[in-house]
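Survey of secondary and tertiary structure
The chain contents come next:
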Amino acid sequence: MTIQKIAYSVFVAFMASLFTLVSVNALSSSDPDDAADDDLDPITLEELAEHDGAESCWKAIHGRVYDVTDYVPDHPTEEDVVLEWCGREATEGWDNKRPGVPHSPRAEGLLEAYLIGRLVDEEGEPVEAATEDTDTVAERLSPAEDERLHRAMLGLPLDGRYRGVFIDRGVIQVNITFDLEDGHFTGLAYRHLAYRDDDYLAMEEGDDLYPVLVQYRQILERLEGQPVTAIFALYEPERVVDDVDGYTGATLRGAKVISAIRDALNRGVYAWP
Ligand code: HEM
């Protein structure tokens, strides 16, 4: 046998197996359930609607009708949860036992035992589940969640309460809280403000370090109502505080507040509004 003949035989064998694979695949991809459904008894929505309670509970799920009367007492929830779907198209309930969570394959298996027919309209045509395409992420989200998701996707800060810190081994403590409303600061306040043993929040006018507290407060007053990007002004303290000098070290304080705010933003929303 020449090399060409061997190559030719290998090629023919390869094509034959490819053909077999393709045909087997084509056969198996046609849903055998579709054909089997033609043998099921046709049941109209009107007939279905007559079985809407515990004494007789039928449900249409993905185009098929099930008499689940005997199963209702065994269902692992309060009976009301399943009874409200009797006598009607129940695909939505079946596919969303909790929002977005369908029943398990085990439950699918159980369901088969209660199959009694296929759902048809008055002309005898199959009825598709009207709710099949409602299971999208967007429709499961509440408007508030939807808004949050969109802001997160755009890289915008989410509205809510934030808390963040700048700390240095317990020596320096700047602990800040604020709310964001539509990306703007409100309710800015220090929860703790300390340097070594000096608790600035406990200081009173006349105390040596009281001007430092005034300065810290001015920083927050300057930010109140501003968009988040306003924190960059703190790098230039003369734009923010009245009294910038070596003693009060305004530049450095601004940097600590920026750090605490950025820490809060990195942590994410502490509580929703
Ligand atoms: C269409 C209306 C129905 C609703 C709203 C519904 C709802 C629920 C809920 C809330 C749970 C418990 C939560 C959970 O396991 O995560 C559950 C579990 C379950 N349900 Fe249903 N159910 C329905 C119909 C049925 C039917 C007709 C069957 C069976 C014939 C069934 C079988 C099961 C099983 C076996 C479980 C245990 C969890 C699982 O395997 O998914 N349910 N269902």
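Each chain has its residues counted from 1, running along the sequence as written. In keeping with the predicted nature of the model, local features appear solely for residues at pLDDT of at least 70, side-chain atom pairs appear and are counted solely at 80 or more, and the whole-chain, interface and lining totals rest on all residues. With hydrogens and water set aside, each side-chain value is computed from the structure's full complement of heavy atoms.

In the nomenclature of an unreviewed UniProt entry, the protein is known as Cytochrome b5 domain-containing protein of Billgrantia campisalis.

Being near a molecule or strand, for a residue, means having at least one of its heavy atoms within 4 Å of it. With respect to spatial proximity, 20 residues lie near the ligand, and among them His75, Lys97, Arg98, His103 and Ser104 are the closest. In the model, a nitrogen atom of the ligand is placed 2.8 Å from a nitrogen or oxygen of the histidine 75 side chain. Any pair of nitrogen or oxygen atoms within 3.5 Å is treated as a polar contact; in protein, a donor-acceptor pairing is required on top of that, and neighbouring residues in sequence qualify only through side-chain atoms on both sides. Between the ligand and the protein, one listed contact pairs an oxygen atom with a side-chain N or O atom of arginine 98 at 2.7 Å. For the shell around the ligand, the elements supplying multiple residues, two or more each, are helix 4 (79-83), helix 5 (91-95) and helix 6 (105-112). Secondary structure counts use DSSP, requiring at least four H or I residues in a row for a helix and at least two E residues in a row for a strand, with both numbered from the N terminus. No other element matches helix 6, which puts four residues into the shell around the ligand. Considered class by class, the residues forming the shell around the ligand number 11 nonpolar, five polar and four charged. Residues are sorted three ways: Asp, Glu, Lys and Arg are charged, Ala, Val, Leu, Ile, Met, Phe, Trp, Tyr, Cys and Pro are nonpolar, and all the rest, Gly among them, are polar.

This part covers the coordination of the iron atom of the ligand. Looking at the metal site, the iron atom of the ligand is ligated by His75 (NE2) and His103 (NE2), spaced 2.0 Å from it. Donor atoms (N, O, S) are those found within 2.8 Å of the metal centre, with the cutoff raised to 3.2 Å for Na, K and Ca; water is not part of the atom list, so apparent gaps in a site can occur. By the criteria applied here, four donors are tetrahedral when all angles lie between 85 and 135 degrees, four are square planar and six octahedral when opposite donors are over 155 degrees apart and every other angle lies between 65 and 115, and any other arrangement is irregular. If you look at the iron atom of the ligand, its six donor atoms make angles of 88 to 179° with each other, and the shape they trace is octahedral. Of this pair, histidine 75 sits in the loop between strand 4 (64-67) and helix 4 while histidine 103 sits in the loop between helix 5 and helix 6, and the two are 28 residues apart along the sequence. Here histidine 75 matches histidine 103 in class, with each residue buried. Burial classification: accessible surface area is computed with a 1.4 Å probe over protein chains only, and a residue below 20% of its type maximum counts as buried, one above 50% as exposed, and the rest as partly exposed.

Attention now moves to the sheet that holds strand 10 (residues 198-199). In this analysis, strands are considered paired if DSSP registers two or more bridges between them. Strand order in this open sheet of four strands is 7-8-9-10, and the pairing throughout is antiparallel. In this open sheet, the two strands that pair with only one neighbour each are strand 7 (160-168) and strand 10. Pairing of strand 9 (residues 184-195) with strand 10, which is carried by two bridges, proceeds in the antiparallel orientation. Within strand 10, the position partnered with tyrosine 195 by the bridge is aspartate 198. Relative to strand 9, helix 9 (residues 210-223) is tilted by about 165°, and along the sheet it contacts strand 8 (172-181) and strand 9. Contacts are assigned to residue pairs that have any heavy atoms within 4.5 Å of one another. Interaxial angle, 0 to 180 degrees, is taken between N-to-C directions of lines fitted to C-alpha atoms, where a helix line uses only the stretch in contact. Sitting on the sheet, helix 10 (residues 250-267) is in contact with strand 7, strand 8 and strand 9, with an inclination near 130° to strand 7.

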